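Coordinate analysis (summary)
These are the residues of each chain, in order.
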Amino acid sequence: MLVSEILAIKGKVLYTIAPNRRLSEAVTIMTEQDVGSLVVFAHGQMVGLLTFREVLQAVHKSGGGWESLAVEEAMLKAPLTAAPAMEMDELRRLMVDRHQRYLPVMDGNTLLGVVSFHDVAKAVLEEQSFENRMLKNYIRNWPAEEGES
């Protein structure tokens, strides 16, 4: 399975924010939209990624004044990205090895979507379920040997 197929299953709704916006605005968007990440865009280019992990780190570092921080002060400035033609196994390995739960999917400079570890797990389950159904169907329709009734 390819990253592009995971995006097709997930859908391509994107949530973005500008780097100069307040962290409190980002938390509001993430909460209202029930998403774990926002892609940070400036001048039509991806400049970072904000996930709940970065938000929690900013809260911990700044204490009570976290709400007025700018997104760019908390965001991951050089997030790993995935290509649409990347195999799911390579994607999983990358996410696990680099401890990044969310990966923007880029086609050149174009953002196609964000794939989360949850999306990958869901795709694996769907793929295994499909293969399981196909194997059971194959076994059920196994041709009888000559001489069997």
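Here, every reference points to the structure presented above.
1. Topic: the environment of A78
As for its position among the elements, A78 is in the loop between helix 4 (71-74) and helix 5 (88-98). With 29 residues separating them along the chain, A78 and L49 place their C-alpha atoms 7.9 Å apart.

2. Structural notes on the layout of surface pockets
Roughly 380 Å³ of internal volume is contained in the largest pocket. K10, V35, V114, S116 and D119 are, among the 20 residues lining the largest pocket, the residues nearest its centre. Elements represented by at least two residues in the lining of the largest pocket include exactly helix 1 (3-10), strand 2 (37-42), strand 5 (110-116) and helix 6 (117-140). With 4 residues, the top contributor of residues to the lining of the largest pocket is helix 6. Along the lines of polarity and charge, the residues of the lining of the largest pocket split into 10 nonpolar, 5 polar and 5 charged.

Definitions and cut-offs
Think of each chain on its own: its residues are numbered from 1, step by step along the sequence as written. For a predicted model such as this one, the threshold for reporting local features is a pLDDT of at least 70, and the threshold for listing and counting side-chain atom pairs is 80 or more; totals across whole chains, interfaces and linings nevertheless cover every residue. The basis for the side-chain values is all heavy atoms of the structure; hydrogens and waters are excluded. The helix count covers DSSP runs of H or I at least four residues long, the strand count covers runs of E at least two residues long, and both are numbered beginning at the N terminus. Points on a 1 Å grid, built from protein atoms alone, make a cavity when a 1.4 Å probe fits but cannot get out and make a pocket when they are open with protein on both sides within 12 Å along at least 5 of 7 lines; residues with an atom within 4 Å of a point are the lining residues. Grid points are joined across faces, edges and corners, and a volume is the space filled by probe spheres set on the points. Basically, the charged four are Asp, Glu, Lys and Arg, the nonpolar ten are Ala, Val, Leu, Ile, Met, Phe, Trp, Tyr, Cys and Pro, and anything else, Gly included, counts as polar.

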